[in-house]
Every structure is written in structure tokens, then in C-alpha cells.
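Geometric and topological summary
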Amino acid sequence: MKTTPVTPAGGPPPEHQAAARALPEAMLAAHGLPTRWAGREHFVVLELGFGLGHGFLACWQSWRQDPARCGRLFYVSVEPHPPSREALAQAHAAVAPHESLHAPVQAMLQAWPPLTPNLHRLCFEDGRVQLLLALGEVADVLPALQLQADALCLMGSSPSLQAAQAEKRVLKALAARAALGATLSAWRMPADGQAQLASTGFVLDPTTPAAPVHAGNGEDSISAEDSPPPLTQARWAPRATQATTPRRYRSAAPAKRQAVVVGAGLAGAAAAQALVQAGWQVTVLERHAAAAQEASGNPAGLFHGTVNADDGPYARLFRAAALQATATYAQAVAQGVPGAAQGLLRLDARSGGLPALQTLWQRAGLPAGYVQVLGAEAASALAGLALPAPAWFYPGGGWMDPAAWVRHTLQQPGITLRTGAEVASLARHDGVWALLDAAGAVQAQAHTVVLANAASAQRLLAGLGHPPWPLRHTRGQVTQLEGPHPLRLPVAGDGYAIPLPGGVLCGATREAGEPGVPTLRLKDHLHNLQRLQRLTGMNSGHGLDDGARTSAEHEGPPPTWPGRTGWRLHSDDRLPIAGAVPLAEMPTHQRLDQPRLLPREEGLFVLTALGARGLTLAPLLAQLVAAQATGTPWPLEHDLADAVDPGRWQVRAARHAASSTG
Ligand SMILES: Cc1cc2nc3c(=O)[nH]c(=O)nc-3n(C[C@H](O)[C@H](O)[C@H](O)COP(=O)(O)OP(=O)(O)OC[C@H]3O[C@@H](n4cnc5c(N)ncnc54)[C@H](O)[C@@H]3O)c2cc1C
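Residues numbered from 1 in each chain as written. Predicted model: local features only at pLDDT ≥ 70, side-chain atom pairs only at ≥ 80, totals over all residues. Heavy atoms only, no water.

**Regarding the environment of Gly53**
Spelled out, the test is: Going along the chain from the N terminus, every DSSP run of H or I of four or more residues is numbered as a helix, and every run of E of two or more is numbered as a strand.
In this structure, Gly53 sits in the loop between strand E1 (42-48) and helix H2 (54-65). Separated by 29 residues in the primary sequence, Gly53 and Pro82 have C-alpha atoms spaced 9.6 Å apart.

**Comments concerning the pattern of salt bridges**
This is how the line gets drawn: Any carboxyl oxygen of Asp or Glu within 4 Å of a side-chain nitrogen of Lys or Arg constitutes a salt bridge here. A simple rule labels every residue: compare its accessible area, found with a 1.4 Å probe on the protein chains alone, to the largest value its type can have, and call it buried under 20%, exposed over 50%, or partly exposed in between.
With the rule as written, the count across this model stands at 20 salt bridges. Across the salt bridge formed by Asp593 and Arg591, the nearest N and O atoms sit 3.1 Å from each other. Of the residues examined, Arg591 reaches a relative accessible area of 51% and is grouped as exposed. Each of Arg475, Glu511, Arg521, Lys523 and Asp524 takes part in salt bridges that share partners, so that together they form one network.

**Structural notes on the site of the ligand**
Note the threshold: For each residue, the test is whether any non-hydrogen atom lies within 4 Å of the molecule or strand; if one does, the residue is near. Polar contacts, as counted here, are pairs of nitrogen or oxygen atoms within 3.5 Å of one another; within protein the pair requires one atom able to donate a hydrogen and one able to accept it, and residues that are adjacent in sequence qualify only if both atoms are side-chain atoms. Method for areas: the Shrake-Rupley scheme with a 1.4 Å probe, in which residue coverage is limited to the protein chains shown. For this classification, the nonpolar set comprises Ala, Val, Leu, Ile, Met, Phe, Trp, Tyr, Cys and Pro, the charged set comprises Asp, Glu, Lys and Arg, and every other residue, Gly included, is treated as polar.
The environment of the ligand is made up of 37 residues, and the closest members are Glu286, Ser296, Leu302, Gly611 and Leu615. In the environment of the ligand, an oxygen atom lies 3.1 Å from a nitrogen or oxygen atom belonging to the backbone of Leu266. Within the contact set of the ligand, an oxygen atom lies 2.8 Å away from a backbone nitrogen or oxygen of Leu302. Here the ligand loses 96% of its free accessible area of 1,000 Å² to cover by the protein chains. Elements that contribute at least two residues to the shell around the ligand include exactly helix H10 (266-277), strand E11 (301-303), strand E22 (471-482), strand E27 (563-571) and helix H18 (614-630). The residue makeup of the shell around the ligand, split by class, is 17 nonpolar, 14 polar and 6 charged.

**Quick look at the pairing of strand E2 (residues 72-79)**
Applicable threshold: For two strands to pair, DSSP has to find at least two bridges joining them. Clockwise travel from the first strand over the helix to the second, with the strands pointing away from the viewer, marks a crossover as right-handed.
Burial within E2 is extensive, with 8 of its 8 residues counted as buried. Side chains Arg72, Phe74, Val76 and Val78 project from E2 onto one buried face, and the interleaved Leu73, Tyr75, Ser77 and Glu79 project onto a second face that is buried too. Bridge count for E1 against E2 is 7 bridges, and the pairing is parallel. Bridged to Glu47 within E2 is Ser77. Following the chain from E1 across H2 to the adjacent parallel E2, one finds a crossover that is right-handed.

**What about the packing of aromatic side chains?**
Threshold: Side-chain rings of Phe, Tyr and Trp (the six-membered ring for Trp) are treated as a pair once their centres are within 6.5 Å; stacked means planes under 30 degrees apart, edge-to-face means over 60, and tilted covers the remaining angles. Charges are assigned to positions over rings by a cutoff of 6 Å between ring centre and Lys NZ or Arg CZ, combined with an angular limit of 35 degrees from the ring normal.
This structure, assessed with the given rule, holds 11 aromatic pairs. Aromatic pair Phe56 and Trp60: ring centres 5.4 Å apart, planes at 40°, arrangement tilted. Here Phe56 pairs with Trp60, and both are found in helix H2, just 4 residues apart, close to one helical turn. The exposure class of Trp60 is buried, given its relative accessible area of 2%. Within the aromatic cluster, the residues linked to one another by ring pairs are Phe50, Phe56, Trp60, Tyr75, Trp112 and Phe124. Positioned over the ring face of Trp187 is Arg188, at 5.5 Å from the centre of the ring.

The structure is reproduced here in C-alpha cells:
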């Protein structure tokens, strides 16, 4: 997907503001809402033109007030010129505290993200209302969305949104995302747009008024505030040939909304949380006596985004993931889990210094709410001590106690944790997966299984005949220093320093090697201390106990220094593995050169290889897995989902074979 910086706009032009306020009610009526969602598990609205959020708020409000509402409301909105939080606040300033709309408005303002060009997932009502904001031009963004919409709303008044209504490729992209029977409503759709609806599988409603010949000429704008805006209305009812147009792989949610997750680390806890948010019941099987005993057991870890000159898939994935991580962990911190989501500094000592960073930041066009460039002095003022280099400041970054977050998450209603339950193999009979122990006894059964058990996921899949992924481990050790210190924010660079309530955690070492006995090594502690000194200047002069150094200089027994050793699991392309597992054996003559073409194991998903960024990646990728399992809109664009697809090596091999024979 092409990304260009998004430019905030203040809302529709003055002559259309009255219409923008009147539209939402007309839009709901045009789609038969709220009646149409009654009794349904979920309902998906796809809107072109978020504007100032009037459509979303009206839909949410209608959902809130409807006792027969659907279980979950997904509102996906594409907006090339999203409003700033200030513009939104101003637009809804007249909503008084006693009005029922006040709480939704405040929640929306609080969740409003930095306006980066990607898909933003905003959660309300404990996840039962989700706003997926796709920021960017319609023609770029729409084809990257994976969803099946029940209602398509084309309400935007800006010139680019109006032009999009008459573009065949936009209408085709909408058709490819319409559920059978989906309804479409459009405001000020030009005649050439209406004419193209039929060729893309939409049937125009006979009540639709004649359209103006050109978009944006204002012929049908509203003159009086109380007159309902005339809308183009249609229904997606494709002819047989149109309906069979190849569509991207999509899972149907199984009737039984239950899942088993294997592994109780960050990946497993995040997957369980995402499925519970979707209304499922989840059993988590963990081989140890408690959760988070392996890679996710460190006392603290960092989460933050990234900036890259080319803004390629890696940077975009980590940006989207970091934004989701901030929302997830800020909520956990508010509930008492140790951590902070109040900013993180990443030192960057590249040649060219501060001007080079500023040039890169300006070229990337990323908003200050996501990342800023600070000189060493300004960064030092935030950190609370003198830093040696300029820094990237991620206001939404921070640190989290991963083990505490895992334990906290697994206590949620709807999740059952079973410890001491090692899964030795998987088998599938009559559409149900059985998870077996080493003696072959069934430990649990479910239609849907998520393998979140790090490298062991590979072993379980090998038992089903799956080819191995190219994975490797790196050993890492962190060092904990106790005592008072001046550090106020986590600082990363060559190593990291995390301010904990009673000290500082620094680390982490990195050394290739397979998991073994997790002993602490003195040389690794010393390495961490040296980097802490270089990064922050901190040493025992700050009151920190650097007993490790003392012990190293004097002969004697190795120190019993607080710290922890673990192993990170990486794939060869440094990207995680998340999504539906492809079949072990592909049918012959099956095209395999696109992830969407790969046939999948029914109900089998994986979330692993989170590398050194499990805290950042787990919440968003778990939502991706849950969306695939439940058949709801994906929180990630196609190309990014492809980048983490468990079948990407099969796709690469197929492409390689095609290019070498072709
Ligand atoms: C030293 C160090 C520092 C790090 N620092 C950071 C950091 O600052 N920020 C960050 O984001 N990340 C950091 N990481 C990486 C992060 O810890 C990992 O990415 C993350 O913990 C991986 O989570 P996971 O759930 O995939 O794996 P794990 O935490 O290993 O969880 C897998 C779970 O599956 C269980 N399991 C395995 N096989 C079975 C089976 N057959 N049956 C039942 N249960 C099974 C295991 O017991 C385990 O509990 C660091 C890692 C290390 C080692």
C-alpha cells in the first residue's frame, strides 16, 4: 500500500456543514438501521469520509440505545483528511455533559490517535464497538482493507471523496468488500457514479433521485437544516458471474465461539484477550506451573514505534503495532499493572547529528503525536539526566512488566488458564482439533486453535507434516540495579535503561544460540553496565548498587546479581509469524504466488516469532489472528498481513520457481 503523509482538515466547507449534521440520521434510515442488525453477532459499516465523526457517533449512539443491537459493531471509515483532536473537540463542543452523546464524544476524543497514514483501531464499549480509521486517499487505502461490509456509506463532501464516488476502481473495490445484500448510500453521487453502480454488481433503488451530472456542483446540497438530504441508494446483488469474482481468503466464524490457545506468554495472553473481546470463550494451555515463565518473564520491557526513510512494510507494521500497544498498555497501567506509556527516548548518534534526524522526520511527514526529534539537551531534560546524543521521542512509547501484564490479562472473564498442560501433538477429527499430551490423552478440543507457544508451535505443526519455518534464537540477559536514580523515561539506543519503581533495568545482551539453562553470566552483566554508562552516564554515583563490577574486579564467587536470561525467537526476515496456517500439502496445480491464494488449515492459527519486540507486536497481531478466526474486519492492511503471513515462505518459493522457469 502506498503511504503518503495525511493532512488534517478542519471539516466540511461551510456550505455543507448543515448537511453533514443532517446526514447521519438519513444514512441510518437508508440502511434500515437499527432494525437490520437486530440479533446479529456483528454488523460492519464501511464509510468513505469520516469528516467530523457525525456518522460514526450517530451509528454508535443508535447501537447503544437499541436493546436488540448486534453483538459487535465494526465501523470502518476511510478519510484522506482526518480532523485533529482539537478540530473534533470544537465540532462537538456543543454536546452538553447531560446529553447521552457526551460519553461517546469524550471517549472518541480520548482515543483519537496521532494522524499517521495507516489503519487505526479504536476500541469502545469493551471492544464491542470498534472504529477502524483508515487514513489516506480512498484509491490507495480501500483496496488494502479486508472486510465484508453490510452497509456502505459514501458521505464525504471533500473534492477527493466526491470524485471517488464516480471512479470505477473505487466502486469495484467497494463491491469486493460488500457482503451479499449489503446496502449502499451516497450523498451527492454524480450521474456517472450512479451509472457505474450496475456494472459493479449494485442494483440502484428506484426511489433514488436523479443525480447531478457533475459531482460537487451543490445542486442537491441542503438548503434548510430540517430537510433530509437526498441519497443515492443501492443494494449489492451481483449476477452470478460478478459474485464469483475471486475474493481474498476469508474465514467463516465457526458456530461454536470457543478456542484453545497454546502458550501463556505475551502472544498467548494477547490472543486470548483478542478472542474474548470478540465474544469467545478461551482456554489457555501452558506447560509450566504458571504463566510467563519463558521469554515473557522479564521484569520489564520496552514498546515503541520506528521511523524509516522509505516507510516500508517493516516501519508501517511497527508503527501500527506501537499505536495499538500504547492503547492496550495504557489501559493496563490504569488498572494497576506495573508499567508506563508516557514516552520513550531512542538515542540516535548517526553522522549528521540532529539536522540529519530532522530531515528524515520531515521527509517521513509523521506527526509529533507519534514521534518527535529532540536535541541532546531537550532529550536530557525529559530523561532527567544528561544524554550524549539527539533522540527520537515516541510520546506513546513506554515500558511494561510483561509477566504482570500476561497474568492480569489471563484473569479476564472468559479466559480459563490451565497450567501444567503440555501439548505434545494435534489431531483433527470431524472438524474439531484435539490437543493431546505426550501419552496421547486429549487435553482439550476446539474448532479453533491458536498456537502461541513460540518455537514449539513449529514442532506441533511438524507433527502434522508442515514444512519448517526458518527460525533462530538469540539469548539475552537483563541486569537489574537497585536504588534511587534520576531516570524519568525509558532510554534506548545501544542497549536500554528502564526506570523501575525501585531501580533501573538495563540490557539486553544478544547472542545467537539455542535455549538452554537460563543461568546469569557475569560478563553479560558487565556488558549491560557498560552500555548503561555510555547511554545514560549512570553508575554507582547515582546511588545504584553496581556490585557486579566490584565482584568482577575482586576475586571471589560470582555475584548473585538480580537479572534474567531468556531466548528470543526470530524468523529469517525479522518479521513475526501471525495468521491462519496454510495446508501442510498444497493441492497440485494450486497457484501459490499470493498469500491470499494459499488454502488454509481450517481453524488453525499461529502467533509466534515476535523476536525482540513481543510487547510492541503482540496486541495488534493478536487482533489480526482474532479477526481472521472470527471473520471480522482485519486491523491490518493486506500487504502488512501478507508480510507476517505464516505461508510467506511458500509464496516466495512459488514465485522463485515461477521466475526461474519463466
Ligand atoms: C533478554 C530479553 C529482553 C527482551 N526485551 C524486550 C523488550 O524490551 N521489549 C519487547 O517487546 N520484547 C522484548 N523481548 C522479547 C519478548 O520477551 C518476546 O518477544 C516475547 O516474550 C515472546 O512471547 P511469546 O509469547 O511468543 O513467547 P513465550 O513468552 O516464550 O511464551 C510461549 C509459552 O508457550 C509455552 N509452551 C511452549 N510449548 C508449549 C506446549 N507444547 N504446550 C503448552 N505450552 C507450551 C511456554 O512455556 C511459554 O510460556 C526480550 C526478550 C529477552 C529474552
